[in-house]
Amino acid sequence: MLNNHTLQSYEIESCIHGEITNFLVESKANVRSISNEIKLNSELGMSSLELARLVSVLDDKLEVDPFIELVPITSVRTIGDLVNAYKKAFYTN
Amino acid sequence: MSENKPVALISGGSRGLGRALVSQCLMAGYRVATFSRSANEYIRNQIDEDPKNENFYWDVVNVNDVKSLQSFVNATVKCFGKIDMLINNVGVAVDGILSVTSAMDIHNCIDSNLKGTIFLTQQCSKVMLKQKFGSIVNISSVNAIRGHSGVAVYSATKSAIDGLTRSLARELGSMNIRVNSIAPGYFESDMVSDLTQEQKDRIARRTPLKRLANINEIVNGIMFLLSPSASFITGQTLVIDGGITC
């Protein structure tokens, strides 16, 4: 778990990109580099359950849960959407 | 080596079936986290025997309070590092003809039996998803399978629990998380303590095995569903009722 009192915007993004990389390694997906425009489902092949698992991991690391009230999970289509959801939760708290 | 022991979270472990499950899981070498609305003598004895929470963790939790459920799950993970098994045991019985049942009793039954189960399962499933492992057993009832006068609201909550079981089994199966329910028939417990001997005798006469269950016969079924022996069983309701619904 990260110390979220000192997290900067780029650190949140970096943490999420890191976990996406872990997912790609586990799923053996053929993606060369990570950018916020990449679609989680159609480009990374991430299922809704795999996204739920990723969110559980990120909630632990970032100590916030954007999807309880702030952001509907159905609005998350890209890596950038995920990053923005956590930034919103982090800076709203 | 204690970190290798399976961890079971059991809701409502201070009495009745929950208490029997806590005892059986501890005897089987599991670490057990359980909660209830208050500590009774059984809970106080367990705490006295294990003051450092090496194998037993208990706290006061109101199953209708989502934040308190969330805190308990987080505390369990902090204490034991994981949650391998969840037994959704909390349940309240509401008896009476529906047309004269109070709104408060209806809300209480649905909140405790259904919403409490859903929210506790939601929190535990987050942990199990990270682990990519878990086994969930929901305590349903024969009232979910057969209609009985005077238990309409209770039956509705238990039928809903079986629906939750089947859908979650499909949802979580690919992450190696199994979800099953058991439907106990009548067994000797606080929940039948209000029945007269005549009523108990009538139930026994209608039961092919001609008796009420011993609580351990229910516990054994739950332990089986939790165990690796049931590793290919998910989305099922195991009826343990002496044949009364067959």
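The following refers to the structure shown.

Cut-offs used in this document
- Residues numbered from 1 in each chain as written.
- Chains lettered and ligands numbered in written order.
- Predicted model: local features only at pLDDT ≥ 70, side-chain atom pairs only at ≥ 80, totals over all residues.
- Core = buried A, V, L, I, M, F, W, Y, C linked by C-beta atoms within 7 Å.
- Buried ≥ 20, exposed ≤ 12 C-beta atoms within 10 Å, placed from the backbone.
- Contact = placed C-beta atoms within 7 Å.
- Helix = DSSP H or I, 4+ residues; strand = E, 2+ residues; numbered from the N terminus.
- Nonpolar A, V, L, I, M, F, W, Y, C, P; charged D, E, K, R; others polar.
- Pairing = 2+ DSSP bridges.
- Right-handed = clockwise from strand over helix to strand, strands pointing away.

1. Section: the nonpolar core
Soluble globular proteins tend to bury their nonpolar side chains together. A8, L21 and I222 of chain B are the most contacted members of the largest nonpolar core, which has 58 residues in total. In this view, L21 of chain B contacts I10, G13, I87, N89, V219 and I222 of chain B; residues no more than four positions away in its chain are not counted.

2. What about the interface of chain B and chain A?
Listed by partner, the interface residues are six residues for chain B and five residues for chain A. Looking at the side of chain B that touches chain A, the element that brings in the most residues is helix 4 (residues 103-131) of chain B, giving three residues. Split by residue class, the side of chain B that touches chain A holds two nonpolar, one polar and three charged.

3. So, the pairing of strand 2 (residues 31-36) of chain B
All names here are of chain B. The element strand 2 is largely enclosed, with a buried count of six among its six residues. Neither face of strand 2 is open: one carries R31, A33 and F35, the other V32, T34 and S36, and all of them are buried. Inspection of the sheet shows strand 1 (residues 7-11) paired to strand 2 by five bridges, in the parallel sense. When the sheet's bridge partners are listed, A8 is paired in strand 2 with V32. The parallel pair strand 1 and strand 2, bridged by helix 1 (residues 16-27), forms a crossover whose chirality is right-handed. Here five bridges tie strand 2 to strand 3 (residues 56-60), and the two strands are oriented parallel to one another. Bridged to A33 within strand 3 is Y57. A crossover links strand 2 with its parallel partner strand 3, the connecting element being helix 2 (residues 41-49), and its sense is right-handed.

4. Points about unusual backbone geometry
Residues and elements named next belong to chain B. In this structure, K132 takes a positive phi of about 55° despite not being glycine. With respect to the helices and strands, the residue K132 is situated in the loop between helix 4 and strand 5 (134-139). What makes K132 exposed here is the crowd of 12 C-beta atoms within 10 Å.

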